[in-house]
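Structure assessment
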Amino acid sequence: MATFVLIPGVLHGGWWYRPITEGLRAAGHEVYPVTLTGVSERGHLNNLAVDLETHIQDVLGLLEAERITDAVLVPHSYGGLVASGVADRAPERIAGLVYADAFVPRDGESAYAIVNDVWKRRYLAGAAAGGGRTLTGLNPALDPRATVHPFATLLQPVRLTGAADALDVPRVYLHAERFEDTPFLDTVARLRTDPAWTVHTLPVGHDLVREAPEEFLKLALTAVG
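The present account deals with the structure reproduced in this document. Treat the numbers as computed from the prediction; the structure is a model and nothing was measured. (Residues numbered from 1 in each chain as written. Predicted model: local features only at pLDDT ≥ 70, side-chain atom pairs only at ≥ 80, totals over all residues. Heavy atoms only, no water.)

1. Comments concerning the packing of aromatic side chains
Taken as a whole and assessed by the stated rule, the structure comprises seven aromatic pairs. Aromatic pair Tyr99 and Trp197: ring centres 5.3 Å apart, planes at 85 degrees, arrangement edge-to-face. Of the two residues, Tyr99 sits in strand β4 (residues 94-100) while Trp197 sits in the loop between α7 (185-192) and β6 (198-202), which places them 98 residues apart along the sequence. There is no split in this pair, since Tyr99 and Trp197 are both buried. Plain terms: the ring middles of Trp119 and Phe179 are 5.9 Å apart, the flat faces sit at 55 degrees to each other, and that makes the pair tilted. One end of the pair, Trp119, is in helix α5 (residues 117-130); the other, Phe179, is in the loop between β5 (171-176) and α7, with 60 residues separating them in the sequence. Phe179 shares its class with Trp119; the two are buried. (Phe/Tyr/Trp six-rings, centres within 6.5 Å; stacked < 30°, edge-to-face > 60°. Helix = DSSP H or I, 4+ residues; strand = E, 2+ residues; numbered from the N terminus. Buried < 20%, exposed > 50% of the residue type's maximum accessible area, 1.4 Å probe, protein only.)

So this is what it looks like as structure tokens:
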């Protein structure tokens with residue numbers, strides 16, 4: 001039995017992972033779907049002080065409180081920045097990494113620094129419309145439970161010491177090749193040349209849970225054999 005910690009992307013809460021959560025639990029694993037501070041049902045906590053460090057501490061606090069020492073981190077999208085920070089701070093608690101079409105930052109990079117110009121414009125427009133927040137749940141393409149997201153989390157660079165690089169654990173990356181205007185092409189190209197990572201390409205868009213739940217679940221399970 002493994003312990004999966006599911007970290008969602010911008011605007012989404014732990015509920016986004018529900019089919020994956022149910023599938024992992026049915027396979028006998030322990031699962032913690034996280035909702036980060038200031039997002040979704042915790043949107044009432046959103047303010048300009050909530051940043052990437054806040055979200056890293058959210059997950060570190062969970063690992064500590066639940067005494068998790070075999071965490072398989074499964075971040076989606078923005079959640080990759082959070083997972084990278086967590087793995088760097090607590091490598092002794094990490095048993096695997098499954099990045100689902102997510103950021104895999106290097107030291108000093110932020111979401112805003114990594115994304116392409118299309119997404120830079122979207123971030124800035126969303127922040128301007130939200131008074132320091134990114135998009136609200138009014139976008140009809142989003143689940144109505146998606147509410148707000150603290151804008152500072154996208155601007156703050158992640159600080160990595162390299163402690164997680166020495167981990168001898170499975171590292172899996174799921175590349176959604178039909179994600180329009182994807183900001184992750186450079187990331188995928190880099191990881192394909194890194195022997196520590198296994199990259200899987202799925203013929204779907206960015207919403208992996210909705211478009212490919214069975215494939216997502218199957219590939220997540222590869223991290224625990």
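Next comes the rest of the account.
2. Quick notes on the pairing of strand β2 (residues 30-33)
Inspection of the sheet shows strand β1 (residues 3-7) paired to β2 by four bridges, in the parallel sense. Note on β2: the bridge partner recorded for Leu6 is Pro33. As for the winding sense of the linkage, the β-α-β connection from β1 through helix α1 (residues 18-26) to β2 is right-handed. (Pairing = 2+ DSSP bridges. Right-handed = clockwise from strand over helix to strand, strands pointing away.)

3. A closer look at α5
Its 14 residues place the ends of α5 20 Å apart at the C-alpha level, agreeing with the 20 Å of an ideal helix rising 1.5 Å per residue. Residues of α5 that are buried include every one of Trp119, Lys120, Tyr123, Gly126 and Ala127, and no others. Within α5, the buried residues cover an arc of 135 degrees as seen down the axis, which keeps them to one side. Among the exposed residues of α5, those oriented more than 90 degrees off its buried face are Asp117, Arg121, Ala128 and Ala129. The inward-facing, buried residues of α5 abut α4 (111-114) and α6 (152-155). (Expected span 1.5 Å × (residues − 1). Arc of directions from axis to C-beta. Contact = heavy atoms within 4.5 Å.)

4. Considering the packing of helix α2 (residues 52-65) against helix α3 (residues 79-89)
At a minimum axis separation of 9 Å, α2 and α3 run at an interaxial angle of 55 degrees. The orientation of α2 with respect to α3, classified from their angle, is oblique. For the pair α2 and α3, the sense of crossing is right-handed. Listed contacts from α3 to Leu52, Glu53, His55, Ile56, Gln57, Val59, Leu60 and Leu63 of α2 are Leu81, Val82, Gly85, Val86 and Arg89. Taken together, the residues of the contact of α2 with α3 sort by class into eight nonpolar, three polar and two charged. (Axes fitted to C-alpha atoms, helices over the stretch in contact; angles between N-to-C directions. Parallel < 35°, antiparallel > 145°, perpendicular 65-115°, else oblique. Left-handed = near helix turned anticlockwise from the far one by under 90°. Nonpolar A, V, L, I, M, F, W, Y, C, P; charged D, E, K, R; others polar.)

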